[in-house]
Amino acid sequence: MSLCELFSVSIKNPPYDNDRIAVLDLPAIYGGIQRAVETVDAASVEECTFRCVDCLIPSLRDAINDVLEDGGLEQVVDFAGKLAHLERVWGEAEFVRYKALLAAAGQPDLDAATRMMEEAEQYELRGDVAQTWDYAELVLREKYPDLPEELFQTPQAAQIGQKMLDDRLGAITDYGLIRRLDGQPLPVFQPEQELAGTQQGMEMM
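Our subject in this report is the structure included herewith. (Residues numbered from 1 in each chain as written. Predicted model: local features only at pLDDT ≥ 70, side-chain atom pairs only at ≥ 80, totals over all residues. Heavy atoms only, no water.)

## Considering the overall build of the protein chain
Moving on, step 1. A tally of regular secondary structure across the protein chain gives eight helices and seven strands.
Moving on, step 2. Here the protein chain displays about 11,100 Å² of accessible surface, and carbon together with sulfur accounts for 50% of that area. (Helix = DSSP H or I, 4+ residues; strand = E, 2+ residues; numbered from the N terminus. Areas by Shrake-Rupley, 256 points an atom, 1.4 Å probe, with all protein chains shown as cover.)

The structure is reproduced here in structure tokens:
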């Protein structure tokens, strides 16, 4: 399935409330956007409202809708273009790494998500580390490779791993452990702290 099929926006025309809805797959060129606008019988993009209805990265849907509500269609189209390019350049493992990074960072806005996209190669994803005791074993074996296996099959190992995660040098996500290659703490983005401010799609109304 292509990125465009997974990133869609619905479009509506509120001033006339004509119940017409068009689905715009992103990334899109100017002509495609104009045709969608005409489909809902609107005079311009400014006359339309947009809403993300399908996203290659579902966790970004709220961030995308926040930008759309502020009239940031151009920013969303640009993000979709970058995401489409990286889908072609990255393999599946790299794309999953990006999704894990987004999950570890909390709820980044679209500006932060774009920066993280550009910095994704600074991170590694370990799909084999899914529990806190796995993390404790990974970190300790990197320093002391000959430690016995029995040491990590205890509740204490899980507690140690959780304590280690508190320093933000790593985070366990649904995709596995994500951490920086340089050993520095993971970023935590809070949308309200960002400055201004899949493939994804929008709905025009």
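## Section: the sheet that holds strand β4 (residues 123-126)
Moving on, step 1. Taken together, three strands build an open sheet; the order of strands is β4-β6-β5 and the sheet is antiparallel. Each edge of the open sheet is held by one strand with a lone partner, namely β4 and β5 (171-173). Ignoring strand direction, the axes of neighbouring strands in this sheet form an average angle of 30°.
Moving on, step 2. Here four bridges tie β4 to strand β6 (residues 176-180), and the two strands are oriented antiparallel to one another. Bridge assignment links Leu125 to a residue of β6, and that residue is Ile178.
Moving on, step 3. Helix α7 (residues 132-143) rests against β4, β5 and β6 of the sheet, and its axis sits at about 45° to β6. (Pairing = 2+ DSSP bridges. Axes fitted to C-alpha atoms, helices over the stretch in contact; angles between N-to-C directions. Contact = heavy atoms within 4.5 Å.)

## Considering a negative patch on the surface
Moving on, step 1. Together, Asp62, Asp66, Glu69 and Asp70 make up a region of like negative charge exposed at the surface.
Moving on, step 2. Relative to the assigned elements, Asp62 resides in helix α3 (residues 61-69). (Patch = residues over 30% accessible without salt bridge, like charges linked within 9 Å, V, L, I, M, F, W, Y side chains within 5 Å. Salt bridge = Lys/Arg side-chain N within 4 Å of Asp/Glu carboxyl O. Lys, Arg positive; Asp, Glu negative; His and termini not counted. Charge placed at Lys NZ, Arg CZ, Asp CG, Glu CD.)

## Quick word on the packing of α3 against helix α4 (residues 73-89)
Moving on, step 1. Here α3 crosses α4 at 145°, and the two axes come no closer than 7 Å. Contact residues: α3 offers Ile64, Val67 and Leu68, while α4 offers Leu73, Gln75 and Val76.
Moving on, step 2. Taken together, the residues that form the contact of α3 with α4 break down as five nonpolar, one polar and no charged. (Nonpolar A, V, L, I, M, F, W, Y, C, P; charged D, E, K, R; others polar.)

## As for the packing of aromatic side chains
Each pair of aromatic rings is reported with the distance of its centres and the angle of its planes.
Moving on, step 1. Using the criterion set out here, one finds two aromatic pairs in the structure.
Moving on, step 2. Here the aromatic rings of Trp90 and Phe95 are separated by 6.1 Å at their centres, their planes lie at 70°, and the arrangement is edge-to-face.
Moving on, step 3. Each ring, one from Trp90 and one from Tyr98, has its centre 5.8 Å from the other, and the planes form 55°; the classification is tilted.
Moving on, step 4. Owing to a relative accessible area of 10%, Trp90 belongs among the buried residues under this scheme.
Moving on, step 5. One aromatic cluster in this structure is built from Trp90, Phe95 and Tyr98. (Phe/Tyr/Trp six-rings, centres within 6.5 Å; stacked < 30°, edge-to-face > 60°. Buried < 20%, exposed > 50% of the residue type's maximum accessible area, 1.4 Å probe, protein only.)

## Overview of α7
Since there are 3.6 residues in each turn of an α-helix, residues three or four apart along the chain are aligned in direction.
Moving on, step 1. Between its first and last C-alpha atoms α7 spans 17 Å; for 12 residues at 1.5 Å apiece the expected length is 16 Å, and the two agree.
Moving on, step 2. Along α7, the residues that are buried comprise Thr132, Tyr135, Ala136, Glu137, Leu138 and Val139.
Moving on, step 3. Residues of α7 that are buried make contact with β4, α8 (155-165), β5 and β6. (Expected span 1.5 Å × (residues − 1).)

## Topic: unusual backbone geometry
Moving on, step 1. A cis amide bond links Leu26 to the next residue, Pro27, at an omega of 0°.
Moving on, step 2. Along the chain, the position of Pro27 falls in the loop between β2 (22-25) and α2 (30-39).
Moving on, step 3. Although it is not a glycine, Asp41 sits at a positive phi angle of roughly 60°.

Bear in mind that shape data such as this cannot, by itself, settle questions of function.
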